[in-house]
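Geometric and topological summary
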Amino acid sequence: MSPGDYGTKAVPSYIAAEAETTPLPKITVPVAAPPASSSKGFGDLPMRVVYRAIAVAAGVVVLGAGATVVLLNRGDPATATAASRHSAAAAVPSAASASFASGAAAPAAGAVATPGLSPLSSPLSSTWTSATPSAAASAAASPGASADAVDPALAAALKDPRVPALPKDGRRLRGLPGRAAATHGLIKDRRSGVALPRFTKTWALATPAPFASRQLLPKAKGASYRGMLVSCPVPIPEQKTLRDTAFLAARWTLNHHPSGATITWTASQPIKAGKRKGWLLGYTVHYTLKGRKRVSAAALALVDVPEKKPAVVFVTIPDSQKKRWHDINKVMSSVKAL
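Positions within a chain are numbered from 1, following the residues in the order the chain's sequence is written. Two thresholds apply to this predicted model, a pLDDT of at least 70 for residue-level local features and 80 or more for giving and counting side-chain atom pairs, whereas whole-chain, interface and lining totals are computed over all residues. Side-chain numbers here rest on the full set of heavy atoms in the structure, without hydrogens or water.

Here the focus is the overall build of the protein chain. Going along the chain from the N terminus, every DSSP run of H or I of four or more residues is numbered as a helix, and every run of E of two or more is numbered as a strand. A count of helical and extended segments in the protein chain gives seven helices and ten strands. A buried classification covers 33% of the 338 residues belonging to the protein chain. By the convention used here, residues are in contact when the closest approach between their heavy atoms is within 4.5 Å. Restricting the contact set of the protein chain to residue pairs at least 6 apart, pairs at least 24 apart contribute 58%. Note on areas: Shrake-Rupley with a 1.4 Å probe; residue coverage comes only from the protein chains shown. Summed over its atoms, the accessible surface of the protein chain is roughly 21200 Å², and 60% of this surface lies on carbon and sulfur atoms. Classification of residues uses two cut-offs on accessible area relative to the type maximum, computed with a 1.4 Å probe and protein chains only: under 20% is buried, over 50% is exposed, and between them is partly exposed.

Written as structure tokens, this is what we have:
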């Protein structure tokens, strides 16, 4: 038997242990290759393409918003303009926000914002200034503003060419020529809530209607118009102030002067009628009688009366009886609230 040939005999264990061992083959698991794709992701696009797409989208949004505002606000240009500005200002921040989300750089912390373009600016801040005048005009035309509106009667009086605007307050009634007639106590007009002098001799009591009290001078020779002193509750709409009410009352007295009469003011002042407040107006009434220009001296006291309409005391004396003009001063200095 040749060496190493053991036939069918068992091989000793020490020989088996020394036998050469064949290394095991390395097993490699193949990794699947990514599927081929011809399309590029959003991040692979050049930034100029992204910016152009965003700009186009923003333009479409603005145009669409503007068209919607025009359709909804047709016939109201002011409203449409304000709304379109608001829509445009709101659309620009949205587009800029989208650019930030796509990876564009945000503005630096100290950067100056451009009005209407920066996403950090509020749409209201860019439209508030332009909307304020329209809002103020709407508020002025609203029903809530009617509380401050001029009364129609006062508005008509202010436009009446026969009655000019009142002079500056504080112009006192001057002393008129002549000497005051004798008086005998007071006439207490309880209907109006006022007291006034009761003239004797020259003046005569007359039927009061349509007034509450009335005194008349005798008719002057060749004249169809004579002096008159009356009192009554104010016959015109009461205004917010005694001054305005007195102004309307003076205009009303033109009904008791010759046709076509006009007024020039000689006094406008607050007064005290006893313990009550009042307003005094002095004026000259101009008119024409039988082709001749004539005048009357006149005055009116408006007195605030408790729980009643203000009382009016009105006196007028034509130039044909100008010797009695100083009676006007006597009346105005004697009026008192009851």
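On to unusual backbone geometry, then. Glycine aside, a negative phi is what most residues show, and trans is what most peptide bonds show. With an omega of 10 degrees, the peptide bond between Ala209 and Pro210 qualifies as cis. Position of Pro210 among the secondary structure elements: in the loop between strand E3 (204-205) and strand E4 (213-216). In this model, Lys201 sits at a positive phi of 60 degrees, which is unusual for a non-glycine residue. Positionally, Lys201 belongs in the loop between strand E2 (194-199) and E3. Phi is positive for Glu307, close to 60 degrees, though the residue is something other than glycine. By the secondary structure assignment, Glu307 is in the loop between strand E8 (292-303) and strand E9 (311-318).

We now examine the nonpolar core. Remark: nonpolar core denotes a set of buried residues (Ala, Val, Leu, Ile, Met, Phe, Trp, Tyr, Cys) joined through side-chain atoms within 4.5 Å. In terms of nonpolar packing, the biggest core is built from 32 residues, with Trp265 and Tyr283 touching the most fellow members. At the level of secondary structure, the elements contributing two or more residues to this core comprise helix H5 (152-158), strand E5 (228-233), helix H6 (242-252), strand E6 (262-273), strand E7 (276-289), E8 and E9. Here the element with the most residues in this core is H6; it accounts for six residues.

Between rings of Phe, Tyr and Trp, where Trp is taken as its six-membered ring, a pair exists when centres lie within 6.5 Å; planes separated by under 30 degrees are stacked, by over 60 edge-to-face, and by other angles tilted. With the rule as written, the count across this model stands at five aromatic pairs. Residues Phe211 and Trp252 carry aromatic rings whose centres are separated by 6.4 Å and whose planes lie at 75 degrees to one another, so their mutual orientation is edge-to-face. Within this pair, whereas Phe211 is found in the loop between E3 and E4, its partner Trp252 is found in helix H6, the two being separated by 41 residues in sequence. As far as the burial class goes, Phe211 and Trp252 line up, both buried.

To continue, consider the pairing of strand E1 (residues 183-189). Moving residue by residue along a regular strand, the side chains alternate between the two faces of the sheet. Bridging between E1 and E2 involves five bridges; their strand directions are antiparallel. Its bridge partner lying in E2, Lys188 is registered against Ala195. Hairpin connection from E1 to E2: four residues lie between these consecutive antiparallel strands, with Gly193 at a positive phi of about 85 degrees. Following DSSP output, two strands are said to pair if at least two bridges run between them.

Along an α-helix, residues three or four positions apart point the same way, because every turn accommodates 3.6 residues. Here helix H7 (residues 326-334) has its buried residues at Asp327, Ile328, Asn329, Val331, Met332 and Ser334. The elements touched by buried residues of H7 are E2, E5, E7, E8, E9 and strand E10 (336-337).

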